[in-house]
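Listed here are the chains, written in short residue letters.
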Amino acid sequence: MKYFFFLCLLLISSGAMAQQFSISGKIVDAETQLPLESATLFVEKVQDSSLVSYTISNKVGEFVIEGSGKMDSLRLVGTYNGYDPLTRLIILEQPNIALGQLKMHVANNMLGEVTVVSQRAPVTIKSDTLEFNAGSFNTRQDANLEEVMKKLPGVEVDAQGNITVNGKPVSRILVNGKEFFGNDPKIATKNLPKEIIDKIQVVDTKTKSEEFTGKAGNPDDKTINVTIKEDKNKGYFARATAGGGTDDRYELSGIGNYFKDDMRLSVLASSNNINSSGFSFDEVFDMMGGRARSVSFNRNGSFSINGNSFGGSGGITKSETAGFNFTNDWDKKYELTADYFFGKNDTETYSVVERETFLPNSTFFTNSESSGNMVNESHRANLAFEVELDTLTRISVRPSVNINNGFSDRNSVSERMEGASQLLSNTFDNEELYSSNFRNRIDFIRKFGSRGAYLQIDFNNRNEKQESENFFYSEKFTVEDGTTTGTAIQDQFIDEDNSSDEYEAGITQRSVLADKLFLDLSYDFSVLNLSNTRSVYQFDEDSGEYDLLEEELSNDFEVTSYKHIPNAGLNYEGKKLRGGFNLGLLNTSLENEDFLVESSFKKNYNELFMEADIRYEITRGKSFYFRYRTDNNIPSISQLQPVPNLTNPLNIIVGNPELDPTYSQNLNFGYHNFDFATRSGMNIYASATFYDNQVVPYSITEDLITTTTYRNLDGGLTSYAGVFYSKRYKKEKQEYNYRVGLNGNYNRQLGFSNGTRYKADRFGANPSLRLGYNYEEVIEINPRYELSYVNTQYGINNNREEEYVNHTVALEATTYWPKNVVFGNDFSFNSYGNVAPGFDDTSLLWNMSLGYKFLKDDATLKLKVYDLLNENVSTSRTTGEDFVQDTRELILEQYFMLSFTYKLSKFGGKDPNRRGGGIIRM
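Residues numbered from 1 in each chain as written. Predicted model: local features only at pLDDT ≥ 70, side-chain atom pairs only at ≥ 80, totals over all residues. Heavy atoms only, no water.

A.B. asks: With reference to specific residues and values, describe the overall build of the protein chain.
C.D. replies: When its secondary structure is counted, the protein chain shows five helices and 51 strands. Against the globule reference of 29 Å for 922 residues, the protein chain gives a C-alpha radius of gyration of 31 Å, in line with a compact fold. On the principal axes, the C-alpha backbone points of the protein chain span a range of 95 × 70 × 60 Å. Relative to its 922 residues, the protein chain shows a buried fraction of 51%. Contacts spanning at least 24 positions in sequence make up 64% of the contacts within the protein chain whose residues lie at least 6 apart. Accessible surface, the protein chain: about 42500 Å² in total, of which carbon and sulfur atoms supply 52%. Of note, the protein chain has its 94 positive side-chain charges centred 13 Å away from the centre of its 126 negative side-chain charges. (Helix = DSSP H or I, 4+ residues; strand = E, 2+ residues; numbered from the N terminus. Rg over C-alpha atoms; globule rule 2.2 N^0.38 Å. Buried < 20%, exposed > 50% of the residue type's maximum accessible area, 1.4 Å probe, protein only. Contact = heavy atoms within 4.5 Å. Areas by Shrake-Rupley, 256 points an atom, 1.4 Å probe, with all protein chains shown as cover. Lys, Arg positive; Asp, Glu negative; His and termini not counted. Charge placed at Lys NZ, Arg CZ, Asp CG, Glu CD.)

A.B. asks: Tell me about the nonpolar core, and please be specific about residues and values.
C.D. replies: Core analysis: the biggest nonpolar cluster contains 37 residues, and Val123, Phe132, Met149, Ile173, Leu192, Ile200 and Ile224 have the highest contact counts within it. Among all residues touching isoleucine 173, those that are not within four sequence positions of it are Leu145, Met149, Ile163, Lys178, Glu179, Phe180, Pro185, Ala188, Thr189, Ile224 and Val226. Counting 20 residues, the second largest nonpolar core, distinct from the first, contains Val52, Ile65, Met71 and Ile97. (Core = buried A, V, L, I, M, F, W, Y, C linked by side-chain atoms within 4.5 Å.)

A.B. asks: Help me get a handle on the sheet that holds strand 2 (residues 40-45), residues and values and all.
C.D. replies: Strand order in the open sheet formed by four strands is 3-2-5-6, with antiparallel pairing between adjacent strands. Unpaired on one side and paired on the other, strand 3 (51-56) and strand 6 (86-91) mark the two borders of the sheet. Going across the sheet, the axis of each strand differs from the next one's by a mean of 20°, ignoring polarity. (Pairing = 2+ DSSP bridges. Axes fitted to C-alpha atoms, helices over the stretch in contact; angles between N-to-C directions.)

A.B. asks: Report on the side chain of arginine 394, specifying residues and quantitative values.
C.D. replies: Positionally, arginine 394 belongs in strand 25 (residues 393-397). Sequence-distant contacts of arginine 394, defined by excluding residues within four places in its chain, comprise Lys208, Ser209, Phe212, Glu386, Val387, Glu388, Asp443, Phe444 and Ile445.

A.B. asks: Describe a negative patch on the surface, with residues and values.
C.D. replies: Taken together, Glu480, Asp481, Glu702 and Asp703 make up a surface patch of like negative charges. Inspection of the secondary structure assignment puts glutamate 480 in strand 28 (residues 453-480). By relative accessible area, which is 35% here, glutamate 480 ends up partly exposed. (Patch = residues over 30% accessible without salt bridge, like charges linked within 9 Å, V, L, I, M, F, W, Y side chains within 5 Å. Salt bridge = Lys/Arg side-chain N within 4 Å of Asp/Glu carboxyl O.)

A.B. asks: Quick rundown of the pairing of strand 23 (residues 334-358)? Include the residues and the values.
C.D. replies: Bridge count for strand 22 (residues 316-330) against strand 23 is 15 bridges, and the pairing is antiparallel. Bridge assignment links serine 319 to a residue of strand 23, and that residue is asparagine 345. Connecting strand 22 to the next strand, strand 23, in antiparallel fashion are three residues, including aspartate 331 with a positive phi near 55°. Judged from the 25 bridges that link them, strand 23 and strand 24 (residues 363-390) form a sheet pairing that is antiparallel. Bridged to threonine 347 within strand 24 is methionine 374. Between strand 23 and strand 24, which pair antiparallel one after the other, the connecting turn spans four residues. When strand 23 meets strand 50 (residues 883-889), the two strands line up antiparallel, connected through seven bridges.

A.B. asks: Hey, could you go over the pattern of salt bridges for me, with residue numbers and the actual values?
C.D. replies: Counting across every chain of the model gives 35 salt bridges. Arginine 578 serves as the salt-bridge partner of aspartate 204, at 4.0 Å between the closest nitrogen and oxygen. Taken together, the residues aspartate 204 in strand 14 (residues 197-205) and arginine 578 in strand 33 (residues 577-594) connect sequence positions 374 residues apart. The residues aspartate 204 and arginine 578 share a single accessibility class, namely buried. The salt bridge involving aspartate 660 is made with lysine 603; its shortest N-O contact spans 3.3 Å.

A.B. asks: Outline unusual backbone geometry, listing residues and values.
C.D. replies: Proline 818 follows tryptophan 817 through a cis peptide bond whose omega is 0°. Inspection of the secondary structure assignment puts proline 818 in the loop between strand 45 (801-815) and strand 46 (821-831). A positive phi is found at asparagine 693, a non-glycine position, where the angle reads about 55°. Residue position: asparagine 693 is located in the loop between strand 38 (680-692) and strand 39 (694-702).

A.B. asks: Residue-level account of the sheet that holds strand 1 (residues 19-29), with values.
C.D. replies: Taken in spatial order, the three strands of this open sheet run 4-1-7, and their pairing is mixed. Edge positions in the open sheet fall to strand 4 (62-69) and strand 7 (96-104), since each of these has one partner strand only. Between one strand axis and the next, the sheet turns through 25° on average, direction left out of account. In this sheet, strand 4 lies alongside strand 1 in antiparallel orientation, the contact comprising eight bridges. Each bridged residue has a counterpart across the sheet, and for serine 24 the counterpart in strand 4 is valine 64.

A.B. asks: Lay out the packing of aromatic side chains in plain terms, naming residues and giving numbers.
C.D. replies: Throughout the structure, instances matching the rule amount to 24 aromatic pairs. Seen from their ring centres, tyrosine 729 and tyrosine 736 are 5.1 Å apart, and the 20° between their planes marks the pair as stacked. Owing to a relative accessible area of 36%, tyrosine 729 belongs among the partly exposed residues under this scheme. What makes tyrosine 736 buried here is its relative accessible area of 15%. Plain terms: the ring middles of phenylalanine 854 and phenylalanine 900 are 6.3 Å apart, the flat faces sit at 45° to each other, and that makes the pair tilted. (Phe/Tyr/Trp six-rings, centres within 6.5 Å; stacked < 30°, edge-to-face > 60°.)

And the structure:
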C-alpha cells in the first residue's frame, strides 16, 4: 500500500517543472466596440492543435486564460455565435501576457443560416444552450459518455451515476433529440462510446408541449442532448458479458444498438444473482453489485438499486431482464417511440429490528426478526406517437402500461416488552399478488402566430388495480412473570382488491399582451376514485375451508374526490428576468361510502390556489430563483377506511373516514454561480413546506398492543437547505477537482400518543468533502468523506432527546497502466453512531477488479472480488415521531468472479477500433 501512495505523490509532483502562464484581454465588437459576453477563448498547441486551456469572457468582455505546459508558443482562438473566429499566435516569453482589446467581426453569411468555423471551441454558450465539443476533452480511447461528462466544467457525476450541471440535476438524456432507452439516462451514459459523440448540449428541461410552443422550460432541471457525428449516425455497437464466480454467483448481460439516420433500435438482456441491474458496463466495477447499498422497494414487486429500477424486493436478488427500444421519424411530421421491458426477480430477505417507542410517561421495546422469499414477473411498455398536422398544430398520445404478477412467503417473530410484561407474536403468510397500471396522456396544441400565443387541451388518465390473495396465520402470547397466558390465534384467508382511477382534463389559453408578456387563462378538472374490497375469512375446522366471513374485519369502501382549479396569471419570459404568478380557486370535494355498513360522508373545501415564481440571471452562470406553490391532497384509502387491519397483531391500523384533505404551501429558493474562467461553482438552495390539516397518527397502547387511527392537525413542517462549492483545475497532464458541501434538514412531525398531543423536532446535518485527481488517464484517485448528524427532540416522555453521528470514508483508485490493464480498488468504511448492543457499529467494504484488454481492445477478461475482507454489514438507525429504531438486513456477501466481455461496433461503415474497414450498406 505504501508504494501505491508513493506513486501518487510522485505523479502529483511531476507537474512542478511545467511553465505557468496567464493570458488576459478583452473581446469587443469590431464595429460598435461593445463588449461580447460569454465568448469562448481557448489556447491550443501549435504543433498538433491539442487543447491546453480555455475560458469564457465575462459581462464586460474581459477574460483570463491560465494554464501550464512546456511550450514556447500557443495559438489563441476566440469564437462567438454569429462572428468570424479570431486567432492569434502567442509567444510565451513571459508568464503574464496582456493582449488588450481584441476585435471580432460579424460573420459575412449571405444565407443567414450556415456558419463555417475552422476551429471547434471546447465550450460554446448560446442564448439557451450550453454546448461542449466532446473531442476537446481528453479521455481514454474506449471511454463512454459518462467518462466524458466527468471532464466537462461544471458537470458532476456521483458514484451512482446521477448527473448535475452547475449544481442543477439532469433528469433526461436524449440522443439526437430522442430518448435513448425509455426514461433511464444511465443506460445512455454507461453505454454510448465517445468515438461516436459530436456535441453534448445542456438545455432547460421542457415538456413536449413547451418545446412545440416555445414556452420557457424549467431552468432548475436540465436535459442533456447528445448529438452523434454525422458520419457515425449509421451503424451499430454492441457488448456482451458472461461471468461466473464462487458461491454460484454469475452474471450474463448484453446490449445492442442499431442506428440509421432518424431510426434507432436498442435491445438489452441480463441475468444475474448479484443485485445488479446488468447494464452499467463500467470498465472497472461493472455489474459487481458492490455499490448496491441504496435499495428501495415497492409493493408491486419492483425494486431499484442506486436508482436503477429492475424488480425484486430486498436482500439478495436473482434478476432476469430483457427489453427493446425503438424510435423513428417519418416525413418530419410523424414521430414514434416504443419500448418494452420484461423482468423476473427472485429475492431472499432477512432483517432484525430493535425499536424503542416512547409513550407520554413510559417506554416499551419491540424486537423482531423476519425473513421471506418473493418472486415477481413484470411487463412494462411505453408508446409515444406525435403528429404535426401543420406547422401550428400538434397532437401527441403517450400511453404506458405496467403489469406485475408475483407471490411471496414471509414469516416474522416479534416480542414487545414493558417492565415484567411481555407480548410475543409469530406470523406466517403466503400471498399472491397481481397489479396493473395503465397511464395515458393526450395533448392537442394550436399555436397562433409566432409570438407565443397558443391553445392547449390535454387529457390524462391513470388506472391502477391490485389484487391479492393472502393465507395469513398468527399466534400471539402474553407472558406475565414467566407465565404464558392470553393465547390468540388468527388463521385467515384475506381476499383484497384495490383500484385507483384518476382522470384529468385541462384547457389553457395563452395570449400575448406585449413582447414576452403573456396572459394565461386555465381551467383544470380532475376526478379520483379509490376503492377497496377486503374480505377476511376465518378457517373453519369443521369444513376444513376458509369460509367463515369476519364481517368486522371486512369492508367494501370507496372514496371519490373532485378537484376544480380555475385560474388566471401573468407571465413574463425575458432573457434575464423570468417570472409570473397564477391565482385561482382550489375547490376540492371528498365523498366516502362504506357499502357494508351503508354509511357515507361528503364534504366540500375551498382554498386559495396560487403559483408564483421569479428567476433572474445576474450574469451568465449566476442566477437566483424563488417559487411558491399551494396544493390540496386527499388522504390515502388505508387512512380513510374504518376497518381494523390485523396483519401485524402488535400494531392494529384503523382508518378514519372523516379525515380532511391536507393543504400545503411550498416555498423554494436557490442561488447558482458558476465561473468558467476559474472552473468553480457555488450552489445554495432551500425549501420549506407548511401543512394545514395534515394527516397524523393517533395511537393508543394498551396491554402492549398499539391501535393507530388518524386525525388532522395544523403545524406540520418539512424543510431542507444546502450549499456546496466545487472547483476543477488542470496542470499539464494532471487534473484536480474538489467539492465541499453542507446539507441540512428540519422536520416537525405531529401526532397523538395515548391521548397526548406531541411533536417531534428532527434536525439533520450532512457535511461532505470529495476530492479527485487524474494523471493523463493513467491513474485516477477519488477520496471522499461524509458525516451524517441527526438530533431528534421528542415532545413526550419528559422531552426525550436522541442523537447519533454516522461517518463514511471512501476511496476509489483506478490505474490504467501498463497498457491494456485496468486495476481498480473501491474502499468504503462506515461508522454507525449510537446503535443498540448486538448491532455492528462499523463496516468495511473493499471491492477489487483487475481487467486485461486484448483482441485490439474488443475483448476484456476481468477478475472481480466483492467484499475482499468479508467485513461488510448492513446496519442503520432511524428516528420517527415517537420511536428510535436499529435495523440489520441480509446483504450480499463475499464472492470472486471471472468475466469475459466482447464488443462489436461499426459506424459509418468503419470499425472505430481498427484502421480501415469495409462499408456496410444501409
